[in-house]
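# Summary of structural features
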Amino acid sequence: MPERTRKDRPATLAVHAGVKPDPRTGAVMTPIYASSTFAQTSPGVHTGYEYARTGNPTRAAFEAAVAELEGGVAGFAFASGLAAQATLLELLDQGSRITAVDDLYGGSWRLFERVRKRSAGHIVTYADPTNLDAFEAAIGPKTNMIWVESPTNPSLKVADLAAIAAIGKARGILTVADSTFASPMIQRPLELGFDIVLHSATKYLNGHSDVTGGAVAGSRALLQRVDLMRRYLGGVMDPQAAYDLARGLKTLTVRVACHNRSAEVVARFLDNDPRVVRVFYPGLASHPDHDVARAQMTGFGGMVTFEVADGLAGASRVFDRLGVIRRATSLGCVNSLASLPVLTSHYNYSDDDLARAGVTAGMLRVSVGLEDEADLIADLDQALG
Ligand SMILES: *Cc1c(COP(=O)(O)O)cnc(C)c1O
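Here goes a summary of the coordinates provided. Quantities reported herein were computed from a predicted structural model and do not represent experimental measurements. (Residues numbered from 1 in each chain as written. Predicted model: local features only at pLDDT ≥ 70, side-chain atom pairs only at ≥ 80, totals over all residues. Heavy atoms only, no water.)

Once that is clear, we can look at the site of the ligand. Surveying the vicinity of the ligand reveals 14 residues, the closest of which are Leu 82, Asp 178, Ser 200, Thr 202 and Lys 203. One of the backbone nitrogen or oxygen atoms of Gly 81 is found 2.9 Å away from an oxygen atom of the ligand. Ser 200 is positioned with one of its side-chain polar atoms (N or O) 2.8 Å from an oxygen atom of the ligand. Protein chains shield 92% of the accessible area of the ligand, which is 380 Å² for the free molecule. In terms of residue count, helix α3 (residues 81–89) provides more of the shell around the ligand than any other element does, three residues in total. Its residues placed into classes, the shell around the ligand shows four nonpolar, seven polar and three charged. (Near = heavy atom within 4 Å. Polar contact = N/O pair within 3.5 Å; in protein donor to acceptor, adjacent residues only side chain to side chain. Areas by Shrake-Rupley, 256 points an atom, 1.4 Å probe, with all protein chains shown as cover. Helix = DSSP H or I, 4+ residues; strand = E, 2+ residues; numbered from the N terminus. Nonpolar A, V, L, I, M, F, W, Y, C, P; charged D, E, K, R; others polar.)

Below, the structure written as structure tokens:
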């Protein structure tokens, strides 16, 4: 199992974690080991690598880096964020109960509602994580797992992670934090008491819109169980993706700093524009969770959601005019991306579920990229018409 070995600061870890010069050649960057199997000297005697579904040196380097960046003991990489989530759910027995945030990422919601409800009989209760009393009330005596996203998608609610972790600890419930929207440069849920942190590595960890992957980190005992489930299910990350991701991590510090800075500028521009009905950005003092975000995060992130008048027609008009900002789903990468949550992440929510999650048809979600802020603002200005 990849081990956490260093105690450096996050920016140093981002560059060095998980990588040691290759023992054979001195290569400073871990090479891509494409081999699917590893030679044994006698039956069962090997270097620690045996078969690539179980372990691969390139993947191990990325896994160790994620573990160190998140302050965990172990890390695991998966073929996608959803493969990671599906594997984590295998920690539960059939008929388990999960309490989850109400504006859950659409793919997670579909995994719960369209798959595991039917195939595993899990019952998922949704609650607003920013209302701790309501969230705690949604946890019953039989709840086995608490599933939190923060910031949430798309309304960027910020949950008090330490408070929710404490609720889980007090009741002996496994806690999972999907920290995809933040990245370990902004918050580290394990240090706030969560058992497991989860990422769609497709987003900020990779950062370049060209790799699909998932990653989790946590304590050794827990992740040994995750490792076993991953061996059985097989949703592992391939070595090329692991290499690309390890490379992406090395620029995470500077990318996230730039995303944070530009998103704040974009949010302020939209907030001051009378053509915009409402802006959701935890860095604005008007955001209901601004104080929690300030206490818990070292930056407010690169995601900005805003609402325009005239529902889907109004949002579509703005969307259709965007130029520099790419009209595409996903987030956390070098290029700015815009999407309409009701048509993308939340496409099969019912009207009731949308209302409960606070997702409206007039919302546009922007992942602010690394372009010049002035060009992004000019693009939004012309698109607002
Ligand atoms: C994208 C995303 C996922 C799913 O990850 P994939 O890599 O697309 O499978 C899960 N959670 C959040 C918050 C996401 O944004």
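Once that is clear, we can look at the sheet that holds strand β10 (residues 326–327). Spatial ordering of the open sheet is given by β8-β9-β12-β11-β10, a layout of five strands whose pairing is mixed. Of all strands in the sheet, those with a lone pairing partner are β8 (276–280) and β10, marking the two edges. Inspection of the sheet shows β8 paired to strand β9 (residues 303–308) by four bridges, in the antiparallel sense. Paired with Val 279 across the strands is Phe 306, a residue of β9. (Pairing = 2+ DSSP bridges.)

Within helix α13 (residues 373–383) the residues assigned to the buried category are Leu 376, Ile 377, Asp 379, Leu 380 and Ala 383. The buried residues of α13 occupy one face: seen down the axis, they fall within an arc of 160°. Those residues of α13 hidden inside the fold are in contact with α9 (252–271), β9 and α11 (311–321). The distance from a side-chain oxygen at the start of α13 to the backbone nitrogen of Ala 374 is 2.9 Å, and the residue carrying that oxygen is Asp 372. (Buried < 20%, exposed > 50% of the residue type's maximum accessible area, 1.4 Å probe, protein only. Arc of directions from axis to C-beta. Contact = heavy atoms within 4.5 Å.)

What follows is about the side chain of Asp 379. For Asp 379, the position within the fold is in helix α13. Side-chain polar atoms of Asp 379 contact the side chain of Gln 382, separated by 2.7 Å. Once residues within four sequence positions are removed from consideration, Asp 379 is found in contact with Arg 321, Leu 322, Gly 323, Val 324 and Ile 325.

Looking now at the pairing of strand β12 (residues 363–367). The buried fraction of β12 is high, at five of five residues. Alternating positions in β12 separate into two faces, Met 363, Arg 365 and Ser 367 on one and Leu 364 and Val 366 on the other, with burial throughout. The pairing of β9 with β12 spans five bridges and is antiparallel. Its bridge partner being in β12, Met 303 is matched across the sheet by Ser 367.

Next up on the list: the state of the cysteines. Enumeration according to the criterion identifies zero disulfides in this entry. Of all cysteine sulfurs, the one in Cys 333 lies closest to Cys 258, which takes part in no disulfide; the gap is 13 Å. On the basis of relative accessibility, which here comes to 0%, the residue Cys 333 falls in the buried class. (Disulfide = S-S within 2.5 Å.)

Right, let's talk about the sheet that holds strand β6 (residues 196–200) for a bit. Pairing between the strands of a sheet is mediated by backbone hydrogen bonds and can be parallel or antiparallel. An order of β1-β7-β6-β5-β4-β2-β3 is seen for the seven strands of this open sheet, with the pairing classed as mixed. Sheet topology places β1 (74–78) and β3 (123–127) at the edges, where each strand pairs with a single neighbour. With strand direction ignored, the average angle separating the axes of adjacent strands in the sheet is 20°. In terms of strand pairing, β6 meets strand β7 (residues 214–218) through five bridges, oriented antiparallel. Along β7, the bridge assignment pairs His 199 with Ala 215. (Axes fitted to C-alpha atoms, helices over the stretch in contact; angles between N-to-C directions.)

With that settled, the discussion passes to the nonpolar core. Within the largest apolar cluster, 62 residues are counted, with the highest numbers of intra-cluster contacts made by Phe 62, Leu 205, Leu 270, Val 279 and Phe 306. Among the elements that make up this core, the one with the highest residue count is α9 (seven residues). Discounting residues that sit within four places of it in the chain, Leu 205 has contacts with Phe 62, Val 66, Pro 184, His 199, Ala 215, Leu 245, Gly 248, Leu 249, Leu 252 and Arg 255. Judged by nonpolar contacts, the second largest core, of 50 residues, contains Tyr 126, Ala 138, Val 226 and Phe 280. (Core = buried A, V, L, I, M, F, W, Y, C linked by side-chain atoms within 4.5 Å.)

Tallied over the entire structure, the rule returns four aromatic pairs. On the basis of an interplanar angle of 85° and a centroid distance of 5.2 Å, the ring pair of Phe 112 and Trp 147 is categorised as edge-to-face. With a gap of 35 residues between them, Phe 112 in helix α4 (residues 106–119) and Trp 147 in strand β4 (residues 143–149) connect regions that are remote in the sequence. Here the two residues Phe 112 and Trp 147 agree in accessibility, since each one is buried. Residue placement shows Arg 230 over the ring face of Phe 78; its charged tip is 5.4 Å from the ring centre. (Phe/Tyr/Trp six-rings, centres within 6.5 Å; stacked < 30°, edge-to-face > 60°. Lys NZ or Arg CZ within 6 Å of the ring centre and 35° of its normal.)

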